[in-house]
Amino acid sequence: MTTIANLKAVLGSFFHTPTYGAFELLEHALVELDDAGTICRITRAGDADFEQRVAAARAAGAAEPGAYLELGANEVALPGFVDLHVHAPQWPQAGVALDEPLNVWLDERTFPLEARFADAEFAYAVGHDLARTFLSRGTTTVLYFASAHLDGSFAVSRACADAGQRAIVGKVVMDDPAANHDFYRDATPDQALADTETFLDRVAALDAARRADDPRFAGAFGAVTPRFIPSCTDEALAGLGEIARTRNAYIQSHCNEGEWEHSVAIERFGKTDAEALASFGLLGPKSIMAHCTFMSEGDTRLFAETGTVVAHCPISNAYFANSACPVRRMHEAGVRIGLGTDISGGFSPSMYDNIRQAVMASRMLEEGVDALVDATRRGAGYPARISAPEALYLATKGGAEALGLPTGSFEVGRAFDAQIIDTRRAFADLTGFGIFNEPADRLARILYLATPDNIRQVWCQGKLVIERA
């Protein structure tokens, strides 16, 4: 990993979405960082002291190489992406068997693969490669499901820390012998709960040790992680809710992903998936629930009232959710939402691909897809579409706000997480020949057309973690 970690100032242009539904271009601005890699000052061209501060930053860079960065004429910065839902053990499976039914995909591919995380060295290798791949695509913060193994899950946390990525990782709980394969599950509810507590302690110790050594360490966090209601006993679900409450820990799971999962909770508890999770203390401001496509109006109100977050996974939903997530309706109801790739139910590690799919899915939900159905009945019957800037917000500040982390935008007090985009690369020219060159058009071309080659550098907490030669 590149080790430049003394960056103090960046001069250039910065796109971000400080509020939902609107973007801002900080054109020719100076962004200054403190010793912890946090933005401490932003000075814009035209401010009274702009020239003096730029001159001072350049002088400091001359005296201390690596302290000053000036973006080129064709370069622009975007915030680092925040991915709210990833299955780390499934990375070797990405793109494989997505044409299979969900039960085949899980039983013949996913669970045998995840079982290999019993080998902590294998888990570390997969986790480190995945973290580096995400970083190379501009994603600086990720919420990961690991596996049902204590050591393998902790290896994922170490791998992300070593790669320079901010990571929240959960040891997955799946303890019900009637619902899980014998070769891959927690031995007992008690063991699942004990391993969860041990895992949270180990990750907290890892975080403390790395922060003591490096003031710009991005962070390692643990999460309470029931895979989903169908895989867990009541005892485990209740115990995990209590652990999360006493430790004020993150919680992550799946909720109402598809018709099957939606039906299981109703048959088992006489409640919806969301209501059942709430009854076990698993919904709240630090709870992130993936998919949520089968949410009733009551479920939506429950999420808004408890502050629970939806991790919208638009590519994965197209394969396994049997429906489209009503992002706009949920947002208007007060639900907090971010984006997730859902590796490997979603094949792409790129949040750019998921931003694009989020916009497309919202339009398909609003207008419908079956031409044989009358146009008056084909769509959702309510405004559902979202814009590209709205999707960018979900992928950046929305995800950061969902996790309670100060990143996701270029504002004072937020970590300097940035991807530097070169808009003029061979075979990936995003300049548009100077036509349609308003800021909204420039941003749209980046969001819809950027390739990995356009991402030249990635910074996380003020540290350079990716640099393409």
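See the structure above.
Throughout this document, residue positions are counted from 1 along each chain, in the order its sequence is written. The model is predicted, so local features are restricted to residues of pLDDT at least 70 and side-chain atom pairs to those at 80 or more, both for listing and for counting; the totals for chains, interfaces and linings are taken over all residues. With hydrogens and water set aside, each side-chain value is computed from the structure's full complement of heavy atoms.

Draft legend 1. Fine view of the pattern of salt bridges. A carboxyl oxygen of Asp or Glu within 4 Å of a side-chain nitrogen of Lys or Arg is what we treat as a salt bridge. Summed over the entire model, instances satisfying the criterion amount to 28 salt bridges. Taking the shortest distance from any N to any O, the salt bridge between Arg425 and Asp422 comes out at 3.8 Å. The partner of Asp453 in a salt bridge is Arg456, with the nearest N and O atoms 2.8 Å apart. Exposure is judged per residue with a 1.4 Å probe applied to protein chains only, and the accessible area is read against the type maximum: over 50% gives exposed, under 20% gives buried, and values in between give partly exposed. Here Arg456 falls in the buried class, since its relative accessible area comes to 9%. When salt bridges that share partners are traced, they join Lys397, Glu401, Glu411 and Arg414 into one network.

Draft legend 2. Molecular detail of the packing of helix H4 (residues 150-163) against helix H5 (residues 189-213). As a packed pair, H4 and H5 sit with axes 10 Å apart at the nearest point and diverge in direction by 20 degrees. Taken together, the axis directions place H4 and H5 in an arrangement best described as roughly parallel. Helix-helix and strand crossings are classified by hand; for H4 and H5 the assignment is right-handed. Here Leu150, Asp151, Ser153, Phe154, Ser157, Arg158, Ala161 and Asp162 of H4 lie close against H5, whose contacting residues are Asp195, Thr198, Phe199, Arg202, Val203, Leu206 and Arg210. Note on geometry: axes are lines fitted to C-alpha atoms, helical ones only across the stretch in contact, with angles between N-to-C directions running from 0 to 180 degrees. Here a strand is any run of E in DSSP of at least two residues, a helix any run of H or I of at least four, and the numbering for each starts at the N terminus. Note that the term roughly parallel is reserved for angles under 35 degrees, roughly antiparallel for angles over 145, roughly perpendicular for angles of 65 to 115, and oblique for everything else. If you view the pair so one helix is near and one far, a crossing is left-handed when the near helix is turned anticlockwise from the far one by less than a right angle, and right-handed when it is turned clockwise. It only takes one pair of heavy atoms within 4.5 Å for two residues to be counted as in contact.

Draft legend 3. Geometry of the packing of aromatic side chains. Here the aromatic set is Phe, Tyr and Trp, taking the six-membered ring for Trp, and pairing holds for ring centres within 6.5 Å; pairs whose planes are under 30 degrees apart are stacked, those over 60 apart are edge-to-face, and all others are tilted. Following the criterion strictly, the structure yields 13 aromatic pairs and no others. Aromatic pair Phe14 and Phe410: ring centres 5.1 Å apart, planes at 65 degrees, arrangement edge-to-face. In this pair, Phe14 is assigned in strand S1 (residues 9-19) and Phe410 in the loop between helix H14 (388-403) and strand S14 (418-422), connecting sequence segments 396 residues apart. There is no split in this pair, since Phe14 and Phe410 are both buried. Between Phe81 and Tyr352, the ring centres sit 4.9 Å apart and the planes meet at 80 degrees, which makes this aromatic pair edge-to-face. Of this pair, Phe81 sits in strand S6 (residues 81-87) while Tyr352 sits in helix H12 (residues 351-367), and the two are 271 residues apart along the sequence.

Draft legend 4. Seen up close, the sheet that holds strand S11 (residues 287-291). Paired strands, as defined in this entry, are two strands with at least two bridges between them according to DSSP. Reading across the sheet, the eight strands line up as S6-S7-S8-S9-S10-S11-S12-S13 and stay open at both edges, with parallel pairing between neighbours. Looking at strand neighbours, the two that pair on one side only are S6 and strand S13 (336-339), the edges of this open sheet. Within the sheet, the average angular offset between the axes of one strand and its neighbour, ignoring direction, is 25 degrees. When strand S7 (residues 139-145) meets strand S8 (residues 166-173), the two strands line up parallel, connected through five bridges.

Draft legend 5. Fine view of the nonpolar core. We define a nonpolar core as any set of buried Ala, Val, Leu, Ile, Met, Phe, Trp, Tyr and Cys residues linked to one another through side-chain atoms lying within 4.5 Å. Within the largest apolar cluster, 91 residues are counted, with the highest numbers of intra-cluster contacts made by Tyr144, Phe303, Tyr352 and Ile446. If near-sequence neighbours (up to four positions away) are discounted, Tyr144 is found in contact with Val86, Ala88, Leu130, Ala131, Phe134, Cys160, Gln165, Ala167, Ile168, Val169, Gly170 and Gln252. With 17 residues, the next largest nonpolar core counts Phe14, Ala29, Val31 and Phe416 among its residues.

Draft legend 6. Quick look at the side chain of His254. Looking at where His254 falls in the secondary structure, it is placed in strand S10 (residues 250-255). Any N or O atom pair separated by 3.5 Å or less is treated as a polar contact, with the protein-specific requirement of one donor-capable and one acceptor-capable atom, and with residues adjacent in sequence counted only for side-chain atom pairs. Within polar-contact distance, the side chain of His254 engages the side chain of His85 at 3.3 Å. Among the polar contacts made by the side chain of His254, one reaches the side chain of His87 at a distance of 3.2 Å.

Draft legend 7. View of helix H7 (residues 259-269). Listed as buried for H7 are Glu261, His262, Val264 and Ala265. Seen end-on, H7 carries its buried residues on one side only, within an arc spanning 160 degrees. Packed against the buried residues of H7 are S10 and helix H8 (273-279). Phi turns positive one or two residues past the end of H7, at Gly270, with a value near 70 degrees. In this description, one arc is meant: the one made by directions from the helix axis to the C-beta atoms.

Draft legend 8. A look at the environment of Ser153. Position of Ser153 relative to the elements: it lies in helix H4. For the pair Ser153 and Phe117, spaced 36 residues apart in sequence, the C-alpha separation works out to 7.7 Å. Residues contacting Ser153, with those up to four places away along its chain left out, are Ala146, Ser147, Val169, Gly170, Lys171 and Phe199. Polar contacts involving the side chain of Ser153 include one to the main-chain carbonyl oxygen of His149, which spans 2.7 Å.

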